[in-house]
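Listed here are the chains, written in short residue letters.
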Amino acid sequence: MSEQALRQQIQNLKKHNARLARLARDARSKLSAALDGTGLCLWQLDVPSGKLIIYNRRWGSMLGYQPKELNAQFDVWREHLHPNDKQMVLDAFYDHLHGKTPFYEALHRMQHKNGTISWVLDRGRVSEWDAHGHPLKVTGTHIDMTKEKQYEEQLALLANHDPLTGLANRHALIKHYNALKGQGPLCVAFIDLDDFKTVNDTFGHRSGDELLIQLSKRLGETCPPGSIVGRLGGDEFVLLLPFPLTSLLVHSTAHSCLRAALTPFELDNGQAQVGASIGIDEVQPQDDFVNALRRADQSMYQIKHTGKNGVAIGSTLLSLSRTGTDA
């Protein structure tokens, strides 16, 4: 082959190589554009060097970093794993690398640049081995699951908490009741507000809601540790008190909750005042939640029928005026 022919062939190869490079850049650009809107990051790890090739920009941006601000290295990825998840994730990764599992998969948390948490579903598989069968490259995906996890948390919150006050709802109260009943003595308190309709009629339902929110906070601050405060709906509240009926804590909590209801409420459009009728009874071995609540409700109605603003602890009736206590 003449020198001129050789030069021509080299020139043709260079042009062909440049064309292939343009096609590769174009393909990568299109892939990046397609993936960036999905929350999906495509990656490949070079095992010996620890270098990560990221095929789109989602890897750094899902953690709050600008392009090229975060080095694409295995050690950098490892440093951003949430401390409580790190060992689980690394175990899953190395189990696959050592051939113990057919692929690597982990749903875990990573530390965002601003200090918050990002959830990631991480999947990968060895895609290349050396002549001795050792893994050279691992190819996989990161999927940003933060919004999905937030949605799950919101659903869990709605499933177990009253949407207005944040207190335990009926579903959660039953779960807490079943757990507490097996641990020892347990009392159920039923609280029904007195004159709450007047607040709604005078100040409006929005102010009525604000009163319920304020009262919920007061009840939460009043009840001793281990107690559960819940709302059934409307102006009806339930307490689960893990103490026997004779306990001084039950009596003092009942009086404190009554005072919390009797203390005036400062609302946006004025000061409102309500009262409360409270019935408390101890859970018996045969009681489910409905039966225990029914007996507490019956105790509460003893107060309703004798002038309101008081507490019935079992068969003992106590009243509390706005200026003092009467036994």
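Structural data are supplied above this passage.
Heads up: these notes are all about the structure in this document.

Calculation notes
- Residues numbered from 1 in each chain as written.
- Predicted model: local features only at pLDDT ≥ 70, side-chain atom pairs only at ≥ 80, totals over all residues.
- Heavy atoms only, no water.
- Helix = DSSP H or I, 4+ residues; strand = E, 2+ residues; numbered from the N terminus.
- Buried < 20%, exposed > 50% of the residue type's maximum accessible area, 1.4 Å probe, protein only.
- Areas by Shrake-Rupley, 256 points an atom, 1.4 Å probe, with all protein chains shown as cover.
- Disulfide = S-S within 2.5 Å.
- Core = buried A, V, L, I, M, F, W, Y, C linked by side-chain atoms within 4.5 Å.
- Contact = heavy atoms within 4.5 Å.
- Expected span 1.5 Å × (residues − 1).
- Polar contact = N/O pair within 3.5 Å; in protein donor to acceptor, adjacent residues only side chain to side chain.
- Phe/Tyr/Trp six-rings, centres within 6.5 Å; stacked < 30°, edge-to-face > 60°.
- Lys NZ or Arg CZ within 6 Å of the ring centre and 35° of its normal.
- Salt bridge = Lys/Arg side-chain N within 4 Å of Asp/Glu carboxyl O.
- Axes fitted to C-alpha atoms, helices over the stretch in contact; angles between N-to-C directions.
- Parallel < 35°, antiparallel > 145°, perpendicular 65-115°, else oblique.
- Nonpolar A, V, L, I, M, F, W, Y, C, P; charged D, E, K, R; others polar.

## Let's talk about the overall build of the protein
For the protein, the helix and strand inventory stands at 10 helices and 14 strands. Out of the 327 residues belonging to the protein, those deemed buried represent 42%. Accessible area of the protein: about 18,200 Å², with a carbon and sulfur share of 53%.

## With respect to the side chain of Asn309
Tracing the backbone through its elements, the reader meets Asn309 in the loop between helix H10 (289-304) and strand E12 (310-313). Residue Asn309 is classed as buried on the basis of its relative accessible area of 16%.

## Focus: the state of the cysteines
Evaluation of the coordinates by the stated rule reveals 0 disulfides. Free of any disulfide, Cys257 has its nearest cysteine sulfur in Cys223, 4.2 Å distant.

## Brief notes about the nonpolar core
In this structure, Leu193, Leu211 and Ile280 are the most contacted members of the largest nonpolar core, which totals 34 residues. When contributions to this core are tallied by element, the ones reaching two or more residues are strand E6 (187-194), helix H7 (196-203), helix H8 (205-222), strand E8 (236-241), helix H9 (248-262), strand E9 (265-267), strand E11 (275-282) and E12. When residues of this core are assigned to their parent elements, the largest contribution, 7 residues, is made by H9. Ignoring any residue separated from it by four or fewer positions in sequence, one finds Leu193 in contact with Leu211, Leu212, Leu215, Asp235, Phe237, Ala261, Gly275, Ala276 and Lys304. Of all hydrophobic cores here, the second largest spans 20 residues; its members include Leu45, Phe74, Tyr104 and Met110.

## Some words on H9
For H9, which comprises 15 residues, the first-to-last C-alpha distance of 21 Å matches the rise-based estimate of 21 Å (1.5 Å per residue) to within 8%. Within H9 the residues assigned to the buried category are Val250, Thr253, Ala254, His255, Cys257, Leu258, Ala260, Ala261 and Leu262. At the N-terminal boundary of H9, the capping side chain belongs to Ser247, with an oxygen 3.1 Å from the backbone nitrogen of Leu249.

## Focus: the packing of aromatic side chains
A ring pair, where both rings are aromatic, is described by two values, the distance of the centres and the angle of the planes. Counting across every chain of the model gives 7 aromatic pairs. Taking the centre distance of 6.4 Å and the plane angle of 70 degrees together, the rings of Phe74 and Tyr94 count as edge-to-face. Of this pair, Phe74 sits in helix H3 (residues 74-79) while Tyr94 is found in helix H4 (residues 86-97), placing the two residues 20 residues apart along the sequence. Of the residues examined, Tyr94 reaches a relative accessible area of 30% and is grouped as partly exposed. Pairing Trp77 with Phe93 gives two aromatic rings, centres 6.3 Å apart and planes at 55 degrees, and the pair type is tilted. You can see Trp77 sitting in helix H3 and its partner Phe93 sitting in helix H4, a full 16 residues away along the chain. In terms of burial, Trp77 and Phe93 fall into one category: buried. Here the aromatic residues Phe74, Trp77, Phe93, Tyr94 and Tyr104 are joined through ring pairs into a cluster of three or more. The cationic tip of Lys149 hangs over the ring face of Trp119; the distance from NZ or CZ to the ring centre is 4.6 Å. Over the aromatic face of Phe265 sits the side chain of Arg218, whose NZ or CZ is 3.8 Å from the ring centroid.

## Some details on the pattern of salt bridges
Counted under the stated rule, the structure contains 13 salt bridges. We note a salt bridge from Asp75 to Arg78, for which the minimum N-O separation is 2.6 Å. Here Asp75 and its partner Arg78 are both found in helix H3, 3 residues apart, which amounts to about one turn of the helix. Note on Asp75: relative accessible area 42%, which makes it partly exposed. Between Asp287 and Arg295 there is a salt bridge, with its nearest N and O atoms 2.6 Å apart. Through salt bridges that share partners, Asp192, Asp194 and Lys304 make up one connected network.

## As for the packing of H7 against H8
Running from N to C, H7 and H8 point in directions that differ by 135 degrees, and their axes come no closer than 7 Å. With respect to their mutual orientation, H7 and H8 come out oblique. Along the contact surface, H7 presents Phe196, Val199, Asn200 and Phe203, while H8 presents His205, Ser207, Gly208, Leu211 and Leu212. Looking at side-chain class alone, the contact of H7 with H8 contains 5 nonpolar, 4 polar and no charged residues.

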